[in-house]
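# An overview of the molecular structure
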Amino acid sequence: SEDSPWILKGVSFKIKPYEFVAIVGATGSGKSSIIKLLTRLYEPQQGEIKINGHDLKDIPSADLREFMGVIHQDSYIFAGDLRSNIELRRTDINLDRAKPFLDRLNMNLDTKLNERATNISSGEEQLINFARAVVSEARLLILDEATAKIDLNTEAFIQEELEHFRKNRTLLVVAHRLETIKNADKVIFIQAGVASLQVN
């Protein structure tokens, strides 16, 4: 009913390994709530979320962080050099994976960055955020309006790189721009907390 307190109502869908799934819907429809549930910022009050047959709440937080990478619309840049902002104190990082993004940045790994990215553009900030994600071993990559603040040329570049990157990854994208999700295998439309499925 319209008086229901639930943000999401009867939402149910499956994502297969290596699928590119898009979630679309108006602001306030519940898209970000799905991402917050997947990343355990919210706990479900009813129902369940499973990854590879395991209930999400039974997966240790460290394992979950290793399994999934999340790129938000607003990333955080720390004061320090570009290398440390990509590595984030992770010791097993192969920066070669991020080479296309680093080349696009036209910076070297010693380039100094200001806290909150005050000395770089929003597009450069997101390229750094994508570089962080692609050097990880995350098998599920989640983009939460990650291209909303960047220009169309940078978005086109990111889309092209993601096509290479997602060959052995599962990709879940929340987006407003239709261009961002044009290659999706499956589109989930959220309206007022209710999901409908469109398969491409």
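This text gives an overview of the structure that appears in the document. (Residues numbered from 1 in each chain as written. Predicted model: local features only at pLDDT ≥ 70, side-chain atom pairs only at ≥ 80, totals over all residues. Heavy atoms only, no water.)

### Quick word on unusual backbone geometry
- Within the chain, Y18 stands out as a residue other than glycine whose phi angle is a positive 70°.
- Assignment of secondary structure puts Y18 in the segment before β1 (20-24).
- A positive phi is found at A192, a non-glycine position, where the angle reads about 50°.
- You can see A192 is positioned in the loop between β9 (186-191) and β10 (194-199). (Helix = DSSP H or I, 4+ residues; strand = E, 2+ residues; numbered from the N terminus.)

### So, helix α5 (residues 122-134)
- Counted at 1.5 Å a residue, the expected span for α5 with its 13 residues is 18 Å, and the 19 Å between its end C-alpha atoms agrees.
- Among all positions of α5, only G123, E125, Q126, L127, I128, N129, F130, A131, R132, A133 and V134 are buried.
- Considering only its buried residues, α5 is in contact with β4 (68-72), α3 (82-87), α4 (99-105), β6 (112-113), β7 (140-144) and α6 (152-165). (Expected span 1.5 Å × (residues − 1). Buried < 20%, exposed > 50% of the residue type's maximum accessible area, 1.4 Å probe, protein only. Contact = heavy atoms within 4.5 Å.)

### A closer look at the environment of N129
- Structurally, N129 is set in helix α5.
- Considered as a pair, N129 and I77 are 52 residues apart in the sequence and their alpha carbons are 8.5 Å apart.
- With near-sequence residues (within four places) excluded, N129 lies in contact with I71, H72 and S75.

### Remarks on the pattern of salt bridges
- If you walk through the whole model with that rule in mind, you get nine salt bridges.
- Note that D74 is salt-bridged to K149, the shortest N-O span being 2.5 Å. Here K149 lies in the loop between β7 and α6 and D74 lies in the loop between β4 and β5 (80-81), a separation of 75 residues in the sequence.
- Put simply, E163, R166 and D185 are held in one network by salt bridges that share partners. (Salt bridge = Lys/Arg side-chain N within 4 Å of Asp/Glu carboxyl O.)

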